Amino acid sequence: QVQLVESGGGLVQAGGSLRLSCAASGRTWRTYRMGWFCQAPGKEREFVAAINWSDGSTLYGDSVKGRFTISRDNAKNTMYLQMNSLKPEDTAVYYCAAALGGSSSTPWNYWGQGTQVTVSS
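We now turn to the structure provided with this report. What you see is a predicted model; the values in this text were computed from it and never measured. (Residues numbered from 1 in each chain as written. Predicted model: local features only at pLDDT ≥ 70, side-chain atom pairs only at ≥ 80, totals over all residues. Heavy atoms only, no water.)

Counting 29 residues, the largest nonpolar core has Met 34, Trp 36, Val 48, Met 79, Leu 81, Met 83 and Tyr 94 as the members making the most contacts within it. Every element with two or more residues in this core is listed here: strand 1 (2–7), strand 3 (18–26), strand 4 (31–39), strand 5 (46–52), strand 7 (68–73), strand 8 (78–83), strand 9 (92–100) and strand 11 (115–120). (Core = buried A, V, L, I, M, F, W, Y, C linked by side-chain atoms within 4.5 Å. Buried < 20%, exposed > 50% of the residue type's maximum accessible area, 1.4 Å probe, protein only. Helix = DSSP H or I, 4+ residues; strand = E, 2+ residues; numbered from the N terminus.)

Shown next, in the form of C-alpha cells:
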C-alpha cells in the first residue's frame, strides 16, 4: 500500500502564495500519476492538477490555469503545488492523490488526509 501525507497549508491573504507538498511512502514503484484535488465546505471535491510520474506532463483545472504549478521529485517520491495569486474562493481542503497502475486510465486509488488552505479577502 501507499501512504500520502500533505503539508504546507495555512492562512494567506488574497493575492498571496503557498506551496503544498505531498510525500508518498510505501509501495510507490507502480505510481503512474499524482495530483491535487480540493473540497470546499458544502461542495464536491474538484480536480486541481495532475502530473505524470514518468515524463512530468501536466494537466490543470480551468480555475487554476496560469496561477498554480504542479511539479514532482521522483527521487523523493514527493509532489508539490505552487499556488500563486490566491483568491478567497480557493479556500478549501486540498488533497493529494495517486494512481498506481500501468496505464493512463488507472483510477485515483490513494488519497492523503488533506491540508487546509484559507485565503482571506
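Anyway, onward from the coordinates.
A separate point is the pairing of strand 7. Where strand 7 lies against strand 8, six bridges are found, and the strand directions are antiparallel. Residue pairing for strand 8: Arg 72 is matched across the bridge by Met 79. Linking two consecutive strands that pair antiparallel, namely strand 7 and strand 8, is a turn of four residues; a positive phi of about 50° is found at Asn 77 within it. (Pairing = 2+ DSSP bridges.)

What follows deals with unusual backbone geometry. In this structure, Asn 77 is a non-glycine residue whose phi angle is positive, near 50°. Topologically, Asn 77 is positioned in the loop between strand 7 and strand 8. You can call Asn 77 partly exposed: its relative accessible area is 22%. With phi around 50°, Ser 85 is a residue other than glycine that occupies positive phi space. Tracing the sequence through the fold places Ser 85 in the loop between strand 8 and strand 9.

Moving on, we get to the sheet that holds strand 8. One open sheet accounts for four strands, arranged 1-3-8-7; its pairing is antiparallel. The strands lining the two open edges of the sheet, one partner per strand, are strand 1 and strand 7. For this sheet the average axis-to-axis angle between neighbouring strands, irrespective of direction, equals 15°. Strand direction decides the pairing type here: strand 1 and strand 3, joined by six bridges, are antiparallel. Across the sheet, residue Leu 4 finds its bridge partner in strand 3, namely Ala 24. (Axes fitted to C-alpha atoms, helices over the stretch in contact; angles between N-to-C directions.)

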